[in-house]
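This is what each chain is made of:
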Amino acid sequence: MAVQFDVVALGELLIDFTEHGTSAQGNGLFEACPGGAPCNVLAMLRKLGKSCAFVGKVGKDRFGRLLREVLAEAGIDASYLVMDEQVPTTLAFVQTLPGGDRDFSFYRKPGADMMLTEEELPLEVLKQARIFHFGTLSMTDQGVRAATVKAVETAKEGGAWISFDPNLRPPLWDNLEDARSAIAWGLSQCDILKIADNELLFMTGEEDFYRGADSLRRQYPNLQVLNVTAGADGSYSFYGADEPVFVPACQLGGVVETTGAGDTFCASVLNYLLEHGIAGLSRAEREEMLRFANTAAYLVTTRKGAIRAMPDKEQVLNILG
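Everything numeric here is computed off the predicted structure, so don't read it as measured data.

Broken down by element type, the protein carries ten helices and 13 strands. Here the C-alpha radius of gyration of the protein, 18 Å, is about what a compact globule of 321 residues would show, namely 20 Å. The C-alpha extent of the protein, read off along each of the three principal axes, is 55 × 45 × 40 Å. Counting every atom, the protein has about 13400 Å² of accessible surface; 48% of that belongs to carbon and sulfur.

Moving on, we come to helix α9 (residues 283-300). Between the first and last C-alpha of α9 there are 26 Å, a value that for 18 residues agrees with the 26 Å anticipated at 1.5 Å per step. The complete set of buried residues in α9 reads R286, M289, L290, F292, A293, N294, T295, A296, A297, Y298, L299 and V300. Residues of α9 that are buried in the fold lie against α1 (37-47), β11 (225-229), β12 (234-239), β13 (245-248), α8 (261-276) and α10 (313-320).

A separate point is empty space enclosed by the protein. Enumeration according to the criterion identifies one cavity of 30 Å³ or more in this entry. Roughly 60 Å³ of internal volume is contained in the largest cavity. Taken together, E12, A37, P38, V41, H133, F134, G135, T136, L137, D165, N167 and D263 form the lining of the largest cavity. Every element with two or more residues in the lining of the largest cavity is listed here: α1 and β8 (129-135). Within the lining of the largest cavity, the residues separate by chemical class into five nonpolar, four polar and three charged.

Quick look at the pattern of salt bridges now. Following the criterion strictly, the structure yields 15 salt bridges and no others. Linking D6 and R130 is a salt bridge whose minimum nitrogen-to-oxygen distance equals 3.2 Å. Of this pair, D6 sits in strand β1 (residues 5-10) while R130 sits in strand β8, and the two are 124 residues apart along the sequence. Residue classification places D6 among the buried residues on the basis of a relative accessible area of 13%. Its salt-bridge partner being D165, residue K194 comes within 3.6 Å of it at the nearest N-O pair. With K194 in strand β10 (residues 192-196) and D165 in strand β9 (residues 161-165), this residue pair connects regions lying 29 residues apart in the sequence. Using a relative accessible area of 3% as the deciding quantity, one classes D165 as buried.

Calculation criteria
Residues numbered from 1 in each chain as written. Predicted model: local features only at pLDDT ≥ 70, side-chain atom pairs only at ≥ 80, totals over all residues. Heavy atoms only, no water. Helix = DSSP H or I, 4+ residues; strand = E, 2+ residues; numbered from the N terminus. Rg over C-alpha atoms; globule rule 2.2 N^0.38 Å. Areas by Shrake-Rupley, 256 points an atom, 1.4 Å probe, with all protein chains shown as cover. Expected span 1.5 Å × (residues − 1). Buried < 20%, exposed > 50% of the residue type's maximum accessible area, 1.4 Å probe, protein only. Contact = heavy atoms within 4.5 Å. 1 Å grid on protein atoms, 1.4 Å probe; cavity = no way out; pocket = protein on both sides within 12 Å on 5 of 7 lines; lining within 4 Å. Points joined across faces, edges and corners; volume = space filled by probe spheres on them. Nonpolar A, V, L, I, M, F, W, Y, C, P; charged D, E, K, R; others polar. Salt bridge = Lys/Arg side-chain N within 4 Å of Asp/Glu carboxyl O.

Here it is as structure tokens:
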């Protein structure tokens, strides 16, 4: 069966309301930015010329219709986006902290993304993906968790590489032990892992990235490419028996907020692996992979939002020189 998509992602698609100054009356203004980690990844992959499809659910409301239009605008196949008649689209209000980091307040009790079921999965599409990508927000509730598990199983049957980003959001979990369990399951399933420094600490108790990554690789031998993002410091790549690689972050100033930075990094890595494969990556190739991913992630932090803020390949290459 011919491969239909380079990457299929499943998970949340929502509106990030980001701070945008104040009105003449002194009221806070917010910009409605389309987002959701899995779709952010796909948006960057489309910028890099890869074919993508999204599997998920939004409300049949104003925001859901907007999000469907944004997917089409980004070139992401939205044929498998389900519109929920009863439950509204998930919303997140994003407070920008000093330095560009963020604090999230979610309106998701419930939100439409939580309502995806196994029966709504496009199984044949999942079997035709080269890479299947997911995170843990599609595992916070029983129904969508079952759909996620089924999607991973189906993509594996089709021979896809499995990509996982924990994307830990503590406010969305009833308790953090459930989050830990969900992340552990994702770690046990994936070939390609992008994990942030705080998530590595959460799962291993190790503040040292090398010891933390080594702990995960011993526990989960299925991990083929393990990348750790360390915010403004840079990123690390752990691969086979080879020496780990570290590449400093791109720091040219002008950071507005960090929304979408990790997703842009993740997409850039997936793009590199689609073009170069996983087997036999040299140290030079992994350094090249991280340099591009770090630079792309930097560029998205200079703009508000994520899906519509993704940089073009040429913009990244212009900085890399």
